[in-house]
Amino acid sequence: MLTRLHAPGPPHVEVPRLRALLHALDEHEHLQYPTGFDHDAVSARFEQLVRQLQVAFAHRCQVERDFQDASHHGLIRVPAQATATGQQLVLVVSNFADMVVCAVGNTGVRSDAQTDELIDPRDAARVRAVLAQLGYLLVPEDPLWQAYDGSGPLSARYGDGRTWYDRYFSHL
């Protein structure tokens, strides 16, 4: 059993591969979703993720979905009482490339190293297993908080000061 959320190996994406992926997905035509985006298929897969997390944690999760003007599809909160960690886990699912961020408490609060120290190994294993089974990519959060330096329309449309998290996991 892997003891860290961000341990190497599937479904985790290593930082060099993530940086290349972020730039490759940075389309000029669409901010909210990639070309060829199939909303129905993404929604069905998201619902499958919700169901499998609820089974893995034996508890109902709070779900927010179908955001307007956003680059993410949905957000899943595994309640604190369902986790061995004793704090809620938050998973944010991007509209791009099946990318998922998982955080303890909330995104943008802790570094990946702090998350790995805080999350109980059993919770990390459950999240990793569900994401891997469904083919999602678990991306580290730290690189996402770096300044957006892509060539897409994000800076031109919304100004400087945006991050890669904004590009793929937030409201636009």
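Anyway, here's the lowdown on the structure attached to this text. (Residues numbered from 1 in each chain as written. Predicted model: local features only at pLDDT ≥ 70, side-chain atom pairs only at ≥ 80, totals over all residues. Heavy atoms only, no water.)

1. Quick word on the environment of His12
Counting through the fold element by element, His12 comes out in the segment before α1 (15–24). Residue His12 is classed as buried on the basis of its relative accessible area, which comes to 8%. The sequence separation of His12 and Leu137 amounts to 125 residues, and the corresponding C-alpha distance is 6.0 Å. If we skip the residues at most four places from it in the chain, His12 touches Leu5, His6, Ala7, Arg128, Leu138 and Pro140. In this structure the side chain of His12 is engaged in a polar contact, spanning 3.5 Å, whose partner is the side chain of Glu14. (Helix = DSSP H or I, 4+ residues; strand = E, 2+ residues; numbered from the N terminus. Buried < 20%, exposed > 50% of the residue type's maximum accessible area, 1.4 Å probe, protein only. Contact = heavy atoms within 4.5 Å. Polar contact = N/O pair within 3.5 Å; in protein donor to acceptor, adjacent residues only side chain to side chain.)

2. With respect to the nonpolar core
Residues Leu49, Leu53, Ile76, Leu91, Val127, Leu131 and Tyr136 are the most contacted members of the largest nonpolar core, which totals 24 residues. In this structure Leu49 touches Ile76, Val93, Val130, Leu131, Leu134 and Tyr136, once residues within four positions along its chain are discounted. If you look at the next biggest cluster of nonpolar residues, it comprises 22 residues, including Leu21, Leu75, Val90 and Met99. (Core = buried A, V, L, I, M, F, W, Y, C linked by side-chain atoms within 4.5 Å.)

3. Considering the packing of aromatic side chains
In this description, an aromatic ring pair is defined by two values, namely the gap between the centres and the angle between the planes. Tallied over the entire structure, the rule returns six aromatic pairs. Where Trp164 meets Tyr168, the ring centres are 6.0 Å apart and the plane angle is 10°; that geometry is what we call stacked. With Trp164 and Tyr168 both in helix α6 (residues 164–169) and four residues apart, the pair spans about one turn of that helix. Accessibility assignment for this pair places Trp164 and Tyr168 in one class, buried. Through a chain of ring-to-ring contacts, three or more aromatic side chains come together here, namely Phe96, Tyr148, Trp164 and Tyr168. For Arg45, the ring lying beneath its charged end belongs to Tyr136, and the centroid distance is 4.2 Å. (Phe/Tyr/Trp six-rings, centres within 6.5 Å; stacked < 30°, edge-to-face > 60°. Lys NZ or Arg CZ within 6 Å of the ring centre and 35° of its normal.)

4. A word on the environment of Phe169
Summarising the element assignment, Phe169 is placed in helix α6. On the accessibility criterion, Phe169 (2% relative accessible area) is buried. Considered as a pair, Phe169 and Gln87 are 82 residues apart in the sequence and their alpha carbons are 21 Å apart. If we ignore the near neighbours within four places in the chain, the residues touching Phe169 are Ser71, His72, Val92, Ser94, Met99, Val100, Val101, Val139 and Leu144.

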